[in-house]
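Notes for the structure review
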Amino acid sequence: WGTRAGLVVLIASFLAYALGLVAPHVPLDALARIWSLPVDQYRAAAGAPSGWGWLDLASRGDYLNYFGIVFLGLVTALCYLRILPVLLARGERVYALIVAVEIAVLAAAAAGAGGALH
């Protein structure tokens, strides 16, 4: 159900953007001009935030779809959290370790731990 709800959010947010129901932060004519720039130059030209700064622009059409992406990531983490105790109770340590590492990777990504690499 979570993935279906996330897909609905993604489709609805894309349609709102594509149909012009919600104004974008970066106008389409400007997007075509700056799209091929290196990421640091693109961010400067577009006024694009980094990390969780997108929340300030979440009401804009081109950032609205981030809600669906975050929701799907949260569904994944919650599912892993749900099966971790089951795996531990069954004594399936290797699978439990893989799930625990997945949870840690998702948490680190959400916290922006890889941001310094960009």
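Relevant structure appears above.
These lines cover the structure that appears in this document, whether it is placed above or below. Here the residue numbering is sequential within each chain, running from 1 through the sequence in written order. At least 70 in pLDDT is required for a residue's local features to be given in this predicted model, at least 80 for side-chain atom pairs to be given and counted, and no such filter applies to totals for whole chains, interfaces and linings, which use all residues. The side-chain figures draw on all heavy atoms in the structure; neither hydrogens nor water molecules are used.

Re the nonpolar core
Here is the rule we go by: Put simply, a nonpolar core is a bunch of buried Ala, Val, Leu, Ile, Met, Phe, Trp, Tyr and Cys residues held in one set by side-chain atoms that sit within 4.5 Å of each other. Think of it in three bands: with a 1.4 Å probe and only protein chains considered, a residue is buried below 20% of the maximum accessible area for its type, exposed above 50%, and partly exposed in between. Note on conventions: DSSP H or I runs of at least 4 residues are helices, E runs of at least 2 residues are strands, and numbering of each starts at the N terminus. Contacts were defined at the residue level, with two residues in contact if any of their heavy atoms lie within 4.5 Å.
Grouped together as the largest cluster of nonpolar side chains are 11 residues: Val26, Ala30, Leu31, Ile34, Tyr42, Ala46, Ala48, Trp54, Leu57, Ala58 and Tyr63. Those elements giving two or more residues to this core turn out to be α2 (28-34) and α3 (39-46). Examining the composition of this core, we find that three residues originate from one element, α2, more than from any other. Once residues lying within four places of it in the same chain are set aside, the contact partners of Leu57 are His25, Gly47, Pro49 and Tyr63. Counting residues in each nonpolar core, the second largest holds five residues, with Leu87, Ala96, Val99 and Ile103 among its members.

What to know about the packing of helix α5 (residues 66-90) against helix α6 (residues 93-111)
Rule in force here: Lines fitted to C-alpha atoms define the axes, with helix axes restricted to the stretch in contact, and inter-axis angles between N-to-C directions lie between 0 and 180 degrees. Angle categories: roughly parallel below 35 degrees, roughly antiparallel above 145, roughly perpendicular from 65 to 115, and oblique for all the rest. Handedness of each helix crossing follows the sense of rotation of the near helix against the far helix: counterclockwise by less than a right angle gives left-handed, clockwise gives right-handed. Note on residue classes: Ala, Val, Leu, Ile, Met, Phe, Trp, Tyr, Cys and Pro are nonpolar, Asp, Glu, Lys and Arg are charged, and everything else, Gly too, is polar.
It is the contact of α5 with α6, at a shortest axis distance of 9 Å, that shows an interaxial angle of 155 degrees. The orientation of α5 with respect to α6, classified from their angle, is roughly antiparallel. The hand of the α5/α6 crossing is left-handed. Contacts between α5 and α6 pair Thr76, Ala77, Tyr80, Leu81, Ile83, Leu84, Leu87 and Leu88 from the former with Tyr95, Ala96, Val99, Ala100, Glu102, Ile103 and Leu106 from the latter. When grouped by side-chain class, the residues that make up the contact of α5 with α6 number 13 nonpolar, one polar and one charged.

Remarks on the layout of surface pockets
Quick note on the threshold: Each cavity reported here is a set of points on a 1 Å grid over the protein atoms alone in which a 1.4 Å probe fits but cannot get out, each pocket an open set with protein on both sides within 12 Å along at least five of seven lines, and each lining residue one with an atom within 4 Å of a point. Grid points are joined across faces, edges and corners, and a volume is the space filled by probe spheres set on the points.
Approximately 1,100 Å³ is the volume found for the largest pocket. Along the walls of the largest pocket sit 32 residues, with Ser50, Gly51, Trp52, Trp54 and Tyr66 positioned nearest its centre. Sorting the residues of the lining of the largest pocket by element identifies α3, α4 (61-64), α5 and α6 as the ones contributing at least two each. Broken down by class, the residue content of the lining of the largest pocket amounts to 22 nonpolar, seven polar and three charged.

Looking at the packing of aromatic side chains
To keep it simple, the criterion reads: Pairing of aromatic rings covers Phe, Tyr and Trp, the last counted by its six-membered ring, and requires centre-to-centre distances within 6.5 Å; plane angles under 30 degrees mean stacked, over 60 mean edge-to-face, and any other angle means tilted.
What the rule picks out here adds up to five aromatic pairs. Taking the centre distance of 5.2 Å and the plane angle of 50 degrees together, the rings of Trp54 and Tyr66 count as tilted. Taken together, the residues Trp54 in the loop between α3 and α4 and Tyr66 in helix α5 connect sequence positions 12 residues apart. Using a relative accessible area of 6% as the deciding quantity, one classes Trp54 as buried. On the basis of relative accessible area, Tyr66 is assigned to the partly exposed category, the value being 32%. Ring centres of Trp54 and Phe67 lie 5.3 Å apart, and the angle between their planes is 80 degrees; this geometry places the pair in the edge-to-face category.

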